[in-house]
Amino acid sequence: MKIIKTAIAAGLVASMLAGTALAQDKTLTMIVIEGGDTTAMQAVVDGYKAAHPGITINLQPYPFAQFFQVAELRLRSKDAGIDLVYVDAPLVASYASRGFLSPFEASVDTSSLVGSALDAGKYEGTQFALPINNSAQVLFFNKTLFANAGITPPDGLTAGETASQAQVDELASTKRWTWEQVADAAQKLTVKDGGRTTTYGFTVEQFGELYQLQPFGESLGTDVIGPDGYTAKGFLDSEAWTKAATYWANLYNEWGVSPKSLGYGEAAQLFGNGQLAMMAGGTWNLPGLEASGVDFGVAPYPYFEGGKVVTPTGSWYVGVNAASANQAEAVDFAQYLTTSAEGTKTWFDSLQQLPTYKPLLDEISTAAAFDSFPQDVFRLGVYDSLNTAKARPVTAAYGQLQDAFRTAFVDIANGVAVKDALASAVQKFEAAASRVAP
């Protein structure tokens, strides 16, 4: 608790400073993900600077594959050269428990943010990160491939049609496909030519990753780890997760409907090329798929028959480096980015990621601009974020959990026995978690 108290003291200083005028001619540095995220953040920075000409914010982008390692090293070394940092939702607890982040005090008004997203930025009841945006997962389906195979696709949203929020709510609550239906259709849609698969029936966008696979077992009734954040025995190796992992194994082995070992972005590329009939993935794929020219529709994220509807959620947060000498200025920009109408709208318009700013969610639900495809897909995101979304576990050992989970599910896809892989994941996670548990 000494680390937490030190960080809270830093936060108190920040809140006191925030009550005074911001310093002039200050330069802040923020580390971000390169690509579209950097472009969107620069747009927000430009808007902020117009209102705060004395503040300069420099962005340091890193590739996704390197970002987590860079952030870990720089925060752990108390690098005062960064003031603001992108924080992936499940890493908040890990960073906060080690004193990497300054807490946001109660004086920071977060009432405009979605409660579940706000909670994911807390550790031991204290707000250590503010949500930049949320994420929503859907089932993309290729209309042409379904038609050619003579198979009725799932009910969904598609080009040439409009959908009100009420219609989207009905779609999501009453017409959602089950994973069993996905498997049945995928087997009929998979095409092989001389032993080589030319068209795959289905895949999950992020191969073997906990973020998109967590709902598999949790739809069947069991969390991936226990409420203490460090126990996997009886959870990840439970009957529910064994059934979910067996389904996963069948996709790659018994049914052969999913491609193995896809790298980052490759699933969306296959779908855009017409070589994949269905993909469970993020709404962030919408601009790229529209540009590809593929005729596609979007259906709600599936669930297991007889189980609970659970969908992935959570995305990027902003945190203030506890070692930063510019606490008040960093807090002010974080608020502009996440809790102001201008900052949140600029971010959404640039990156098209589901907001956590409630007034903007209300606009998505009611404005005519979101009646037509693909903008109406965000209404599906609104429904799920308020009704079915389940955050990833809050644990200081999330990185260890993610590694153990990924290894198990990649192994399972490659033919390792389900029970052996899950047992190994439980042992690996608990051994690693014991080294960071309080």
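Residues numbered from 1 in each chain as written. Predicted model: local features only at pLDDT ≥ 70, side-chain atom pairs only at ≥ 80, totals over all residues. Heavy atoms only, no water.

- The name given to the chain in an unreviewed UniProt entry is Sugar ABC transporter substrate-binding protein, with the source organism recorded as Devosia yakushimensis.
- Listed under Sequence similarities (unreviewed entry) in UniProt, the entry text for the chain is "Belongs to the bacterial solute-binding protein 1 family." (UniProt positions renumbered as here; feature names shortened; annotations may be inferred.)

### Some points on the overall build of the chain
Alright, step 1. Regarding its fold elements, the chain presents 18 helices and 17 strands.
Alright, step 2. A compact globule built from 438 residues would reach a C-alpha radius of gyration of about 22 Å, and the chain, at 22 Å, matches this within 12%.
Alright, step 3. A total of 438 residues make up the chain; the buried ones form 56% of that total.
Alright, step 4. Contacts in the chain between residues far apart in sequence, at least 24 positions, make up 77% of those at least 6 positions apart.
Alright, step 5. Carbon and sulfur atoms make up 51% of the accessible area of the chain, which amounts to about 17,300 Å² in all.
Alright, step 6. Each charge class in the chain was averaged separately, 28 positive and 44 negative side chains, and the resulting centres sit 6 Å apart. (Helix = DSSP H or I, 4+ residues; strand = E, 2+ residues; numbered from the N terminus. Rg over C-alpha atoms; globule rule 2.2 N^0.38 Å. Buried < 20%, exposed > 50% of the residue type's maximum accessible area, 1.4 Å probe, protein only. Contact = heavy atoms within 4.5 Å. Areas by Shrake-Rupley, 256 points an atom, 1.4 Å probe, with all protein chains shown as cover. Lys, Arg positive; Asp, Glu negative; His and termini not counted. Charge placed at Lys NZ, Arg CZ, Asp CG, Glu CD.)

### Let's talk about the nonpolar core
Alright, step 1. Formed by 143 residues in total, the largest nonpolar core has its most connected members in Met-30, Met-41, Tyr-86, Phe-202, Trp-248, Met-278 and Phe-333.
Alright, step 2. Excluding its chain neighbours within four sequence positions, the residues that come into contact with Trp-248 are Val-204, Phe-207, Gly-208, Leu-213, Phe-409, Ile-412 and Ala-413. (Core = buried A, V, L, I, M, F, W, Y, C linked by side-chain atoms within 4.5 Å.)

### Quick word on the sheet that holds strand β14 (residues 296-300)
Alright, step 1. With mixed pairing, the five strands of this open sheet are ordered in space as β9-β14-β8-β13-β12. The open sheet is flanked by β9 (157-158) and β12 (203-204), the only strands paired with a single partner.
Alright, step 2. Pairing geometry for strand β8 (residues 137-142) and β14, over five bridges, is antiparallel. Residue pairing across strands places Phe-141 opposite Gly-297, the latter belonging to β14. (Pairing = 2+ DSSP bridges.)

### What about helix α14 (residues 341-351)?
Alright, step 1. By the burial criterion, the buried members of α14 are Gly-343, Thr-344, Trp-347, Phe-348 and Leu-351. Around the axis of α14, the buried residues are gathered within 125° of arc, so they sit on the same side.
Alright, step 2. Structurally, α14 contributes buried residues whose contacts are with α2 (36-51), β3 (84-88), α13 (327-339), α15 (358-366) and α16 (377-387).
Alright, step 3. Downstream of α14 by one or two residues, Gln-352 has phi in the positive range, about 55°. (Arc of directions from axis to C-beta.)

### Considerations on helix α3 (residues 64-76)
Alright, step 1. Across its 13 residues, α3 extends 19 Å between first and last C-alpha, which sits within 8% of the 18 Å expected from 1.5 Å per residue.
Alright, step 2. Listed as buried for α3 are Phe-67, Val-70, Ala-71, Glu-72, Arg-74 and Leu-75.
Alright, step 3. Packed against the buried residues of α3 are β1 (26-33), β2 (55-62), β3, α4 (92-97) and β16 (316-321).
Alright, step 4. Looking one or two residues beyond α3, the residue adopting positive phi is Lys-78, at roughly 55°. (Expected span 1.5 Å × (residues − 1).)

### What about the packing of helix α10 (residues 239-252) against helix α18 (residues 418-433)?
Alright, step 1. Between α10 and α18, the least distance of the axes is 10 Å, while the angle of their chain directions is 120°. With respect to each other, α10 and α18 are oriented oblique. Relative to α18, the crossing made by α10 is right-handed. Seen from α10, the contacting residues are Trp-241, Thr-242, Ala-245, Thr-246 and Ala-249; seen from α18, they are Val-418, Lys-419 and Leu-422.
Alright, step 2. Across the contact of α10 with α18, the residue classes tally to five nonpolar, two polar and one charged. (Axes fitted to C-alpha atoms, helices over the stretch in contact; angles between N-to-C directions. Parallel < 35°, antiparallel > 145°, perpendicular 65-115°, else oblique. Left-handed = near helix turned anticlockwise from the far one by under 90°. Nonpolar A, V, L, I, M, F, W, Y, C, P; charged D, E, K, R; others polar.)

### Overview of the packing of α2 against α13
Alright, step 1. With their axes 11 Å apart at the nearest point, α2 and α13 run at an angle of 115° to one another. Taken together, the axes of α2 and α13 lie roughly perpendicular to each other. As for how α2 packs across α13, the hand of that crossing is right-handed. Across the interface between the two elements, Met-41, Val-44, Val-45, Gly-47 and Tyr-48 from α2 touch Glu-329, Asp-332, Phe-333, Tyr-336 and Leu-337 from α13.

### Things to note about the pattern of salt bridges
Alright, step 1. All chains considered together, the criterion is met by 15 salt bridges.
Alright, step 2. The partner of Glu-209 in a salt bridge is Arg-406, with the nearest N and O atoms 2.7 Å apart. Taken together, the residues Glu-209 in the loop between β12 and α9 (210-219) and Arg-406 in helix α17 (residues 398-413) connect sequence positions 197 residues apart.
Alright, step 3. Look at Arg-406 and you get partly exposed, because its relative accessible area is 25%. (Salt bridge = Lys/Arg side-chain N within 4 Å of Asp/Glu carboxyl O.)

### Comments concerning the packing of aromatic side chains
Alright, step 1. A full pass over the atoms with the stated rule returns 34 aromatic pairs.
Alright, step 2. Pairing Phe-64 with Tyr-264 gives two aromatic rings, centres 5.3 Å apart and planes at 15°, and the pair type is stacked. With Phe-64 in helix α3 and Tyr-264 in the loop between α10 and α11 (266-272), the pair connects residues that are 200 residues apart, well separated along the chain.
Alright, step 3. Judged by its relative accessible area of 73%, Tyr-264 is exposed. (Phe/Tyr/Trp six-rings, centres within 6.5 Å; stacked < 30°, edge-to-face > 60°.)

### Re the side chain of Asn-250
Alright, step 1. Topologically, Asn-250 is positioned in helix α10.
Alright, step 2. The class of Asn-250 is buried, set by a relative accessible area of 17%.

### Structural notes on unusual backbone geometry
Alright, step 1. Going from Phe-373 to Pro-374, the amide bond is cis rather than trans, its omega being 5°.
Alright, step 2. Here Pro-374 shows up in the loop between α15 and α16.
Alright, step 3. Within the chain, Glu-124 stands out as a residue other than glycine whose phi angle is a positive 50°.
Alright, step 4. A positive phi angle, near 55°, is found at Ser-261, a position not held by glycine.

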